Amino acid sequence: MGKTAEILKIGIPIMLGQACVVILGFADNIMIGWYGVNDLAASSFVNGLVNLFIFTELGFANGMTPLIGSQFGVRDTAGIGRTLKNSICINGIIAFAGLALMAVIYVFLDRFGQEPWLLPLIRPYYAVVAVSTLFAMGFNTLKQFTDGICRPVVAMSLLMGGNILNIIGNWVLIYGKAGFPELGLLGAGISTLASRILIFIIFLLYIMKAPKLREYAMAFRTAAYSGRDVRKLFNLGYPLALQTGMETSTFTISAVMVGWIGATALAAHQITLTISQICFLMMMGLASSVSILVSNAYGRGDMKGVGQYASRGYFLILGTSVLFCMLIFLLRDGIIGLFTDDAEVRAAVLSLLFVLFSYQFGDGLQLCFCNALRGIQDVKPIMLMAFISYYLIAIPAAYWLGFKADLGTVGVWLGFPIGLTIAGIFYFVRFRVQLRRNGPKRA
């Protein structure tokens, strides 16, 4: 099987799983948007904050993928079971620490400069969605395991089922159907929490009981907790968490800045960000398959294969992104109309779509080569690269363009293509340097 076919074999199920996340985001925002513009603006602010924690924590959990992948490459079942057990331990600690920080932020939600009338909507929704991050983190930890042993269909299937449950829950709880009270935005949060709890429990039971995974379940049960393994996972996880956190916080800070402009701008920001997830999560699915296959090849000492997976993966990612951007452009009126009939919001979204299209090259570059670096376990340098790209360049550029150059929401969004492209160039250069340096020793 060729390298491109291998990437697609693993990447397509991951992409389909990511598509479920896109559908979930679309369903939430469409249902919330039709319930009210203020509800949509409040959800934009909350999701920006909570996603900062979720993606940072998920970035930390991703540290187990190169270990699982390299162990799977040499069929080290005992090592995989040990890695999974210690990952659950440390990721659980990280998830509860994140929840504690979110509890502190809850007290200061009125200090973020948002419209005062949004706070009664923001507070209860924030509290419920924050609790759901515990189960999102648990699910992703298990997903890294099944993806790492090249079984991405498992997580994909569960995400599909969870989506159906969440959409039904939204319909029932947002609008007050089937005898339930009309809870609006809070109903969407409760539905998210319930679906995340259920799919996590089902996922855990499947791993422990499925005949095809029996050898891994036994290895998990018999594995001992190891301080050495926990330290190794931490050293791989925290740079990825910081990189992901800095990237995600760029979008979070942008949501706060857009909130200074007004509720209409914030609603447009949320709609465009939801649409952008189509491109991002599809690319992320392919980038994850690159990371898995790179780690498999790296575990076998096949540095030529490492380079081939990364380069072919990038062209697949870029092609996928271009395809989705074309579809979004052609269907733009219908897609925007799914979220709102407010003429002012629709016009603002349309202007932001062109900025969204402009940063796909940089986003694909940084996604692919960050994941390739993850696959070869070279993760510490990306912290500095991310700090420079996002905090020293992207965020100041977004503020200056948005408020000093008086470009408003479009100016804030222009910080994204700048930061993402610079990060992508950094990661690409680092990967090529490491490939040349390690090739002769490991080939």
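Residues numbered from 1 in each chain as written. Predicted model: local features only at pLDDT ≥ 70, side-chain atom pairs only at ≥ 80, totals over all residues. Heavy atoms only, no water.

Chemist: Looking at this model, I keep getting lost on the overall build of the protein. Mind explaining?
Modeler: Within the protein, the secondary structure is distributed over 17 helices and zero strands. By the compact-globule yardstick of 22 Å for 443 residues, the protein fits well, its C-alpha radius of gyration being 21 Å. With the C-alpha coordinates of the protein rotated into their principal frame, the extents come out at 60 × 50 × 40 Å. Looking at the protein as a whole, 58% of its 443 residues qualify as buried. For the protein, contacts bridging at least 24 residues in sequence account for 83% of all contacts bridging at least 6. Of the roughly 17,400 Å² that the protein leaves accessible, carbon and sulfur atoms contribute 69%. Of the charged side chains in the protein, 32 are positive and 20 negative; the average position of the first set lies 16 Å away from that of the second. (Helix = DSSP H or I, 4+ residues; strand = E, 2+ residues; numbered from the N terminus. Rg over C-alpha atoms; globule rule 2.2 N^0.38 Å. Buried < 20%, exposed > 50% of the residue type's maximum accessible area, 1.4 Å probe, protein only. Contact = heavy atoms within 4.5 Å. Areas by Shrake-Rupley, 256 points an atom, 1.4 Å probe, with all protein chains shown as cover. Lys, Arg positive; Asp, Glu negative; His and termini not counted. Charge placed at Lys NZ, Arg CZ, Asp CG, Glu CD.)

Chemist: Looking at this structure, how should I read the layout of surface pockets?
Modeler: Once rolled over the atoms, a probe with the size of a water molecule shows which space is left empty. One number sums up the size of the largest pocket: a volume of about 320 Å³. Lining the largest pocket are 14 residues, and of these Glu6, Lys9, Ile10, Cys150 and Leu293 lie nearest its centre. Sorting the residues of the lining of the largest pocket by element identifies helix H1 (3-35), helix H3 (64-73) and helix H10 (263-300) as the ones contributing at least two each. For the lining of the largest pocket, a count of residues per class yields seven nonpolar, two polar and five charged. The space that makes up the second largest pocket amounts to roughly 250 Å³. As for the second largest pocket, its lining consists of 13 residues, and the residues nearest its centre are Thr56, Glu57, Ile94, Leu101 and Ala241. Going through the elements one at a time, helix H2 (37-61), helix H4 (77-107) and helix H9 (227-261) are the ones with two or more residues in the lining of the second largest pocket. Here the element with the most residues in the lining of the second largest pocket is H2; it accounts for five residues. Broken down by class, the residue content of the lining of the second largest pocket amounts to ten nonpolar, two polar and one charged. (1 Å grid on protein atoms, 1.4 Å probe; cavity = no way out; pocket = protein on both sides within 12 Å on 5 of 7 lines; lining within 4 Å. Points joined across faces, edges and corners; volume = space filled by probe spheres on them. Nonpolar A, V, L, I, M, F, W, Y, C, P; charged D, E, K, R; others polar.)

Chemist: Would you take a moment to explain the packing of H4 against helix H5 (residues 119-148) for this structure?
Modeler: Helix-helix packing: each pair is described by the crossing angle between the helix axes and the interaxial distance. Contact geometry for H4 and H5: axes closest at 9 Å, N-to-C directions at 165 degrees. With respect to their mutual orientation, H4 and H5 come out roughly antiparallel. Crossing handedness for the pair H4 and H5: right-handed. For the pair H4 and H5, the contacting residues are Ile80, Leu84, Ser87, Ile88, Asn91, Ile94, Ala95, Phe96, Leu99, Met102, Ile105 and Tyr106 in the first and Arg123, Tyr126, Ala127, Ala130, Val131, Thr133, Leu134, Met137, Thr141, Leu142 and Phe145 in the second. Residue composition of the contact of H4 with H5, grouped by class: 18 nonpolar, four polar and one charged. (Axes fitted to C-alpha atoms, helices over the stretch in contact; angles between N-to-C directions. Parallel < 35°, antiparallel > 145°, perpendicular 65-115°, else oblique. Left-handed = near helix turned anticlockwise from the far one by under 90°.)

Chemist: Looking at this structure, I do not really get the nonpolar core. What am I missing?
Modeler: Nonpolar side chains in soluble globular proteins tend to end up buried together. One finds Phe145, Ile275, Val306, Tyr427 and Phe431 to be the most contacted residues of the largest nonpolar core, which totals 126 residues. Setting aside chain neighbours within four positions, we find phenylalanine 431 in contact with Val306, Gly307, Ala310, Phe369, Ala372, Leu373 and Ile376. (Core = buried A, V, L, I, M, F, W, Y, C linked by side-chain atoms within 4.5 Å.)

Chemist: Can you help me understand the packing of aromatic side chains in this one?
Modeler: Any pair of aromatic rings gets described here by the distance separating the centres and the angle formed by the planes. The final tally for this structure, using the stated rule, is 22 aromatic pairs. A network of ring pairs unites the aromatic residues Tyr314, Phe315, Phe361, Phe369, Phe428 and Phe431 as a single cluster. Over the ring of phenylalanine 220 we find lysine 85; its NZ or CZ atom is 5.2 Å from the centre of that ring. Over the ring of tyrosine 106 we find arginine 123; its NZ or CZ atom is 5.5 Å from the centre of that ring. (Phe/Tyr/Trp six-rings, centres within 6.5 Å; stacked < 30°, edge-to-face > 60°. Lys NZ or Arg CZ within 6 Å of the ring centre and 35° of its normal.)

Chemist: Please explain the side chain of asparagine 170 as it appears in this structure.
Modeler: Tracing the backbone shows asparagine 170 in helix H6 (residues 152-175). Residue classification places asparagine 170 among the buried positions, given a relative accessible area of 0%.

Chemist: Explain unusual backbone geometry here, please?
Modeler: Across residues other than glycine, the phi torsion is negative in most instances, and most of the peptide bonds are trans. At arginine 75, a position not held by glycine, the phi torsion is positive, near 55 degrees. Here arginine 75 falls in the exposed class, since its relative accessible area comes to 58%. For aspartate 406, which is not glycine, the phi torsion reads 60 degrees and is therefore positive. Relative to the elements of secondary structure, aspartate 406 occurs in the loop between helix H15 (381-404) and helix H16 (408-413). Given a relative accessible area of 65%, aspartate 406 falls into the exposed group.

Chemist: Sorry, what's going on with the confidence of the model for the protein here?
Modeler: Atomic detail in the predicted coordinates should be set aside for any region of low pLDDT. Of all residues in the protein, 97% attain a pLDDT of 70 or more, and the chain-wide mean is 85. When pLDDT is averaged over each element of the protein, H15 comes out on top at 93 and H1 at the bottom at 75. (pLDDT = per-residue confidence, 0-100.)

Chemist: What is the right way to read the packing of H2 against H10 from this model?
Modeler: Two numbers describe how H2 lies on H10: the axes approach to 8 Å, and their chain directions differ by 65 degrees. In this structure, H2 meets H10 at a crossing whose hand is left-handed. Here H2 contributes Val37, Asn38, Leu40, Ala41, Ser43, Ser44, Phe45 and Asn47 to the contact with H10, which in turn contributes Ala263, Leu266, Ala267, His269, Gln270 and Ile271. Its residues placed into classes, the contact of H2 with H10 shows eight nonpolar, six polar and no charged.

Chemist: Can you help me understand the pattern of salt bridges in this one?
Modeler: A full pass over the atoms with the stated rule returns five salt bridges. Between aspartate 229 and arginine 82 there is a salt bridge; the shortest N-O distance is 2.6 Å. Placement of aspartate 229 in helix H9 and of arginine 82 in helix H4 is noted, with a sequence separation of 147 residues between them. Given a relative accessible area of 30%, arginine 82 falls into the partly exposed group. A salt bridge links lysine 143 to aspartate 147; the shortest N-O distance between them is 2.6 Å. Remark: aspartate 147 and lysine 143 occur in helix H5; sequence separation between them is four residues, near one turn of the helix. For aspartate 147, a relative accessible area of 3% puts it in the buried group. One continuous salt-bridge network, built from bridges that share partners, spans Arg82, Arg228 and Asp229. (Salt bridge = Lys/Arg side-chain N within 4 Å of Asp/Glu carboxyl O.)

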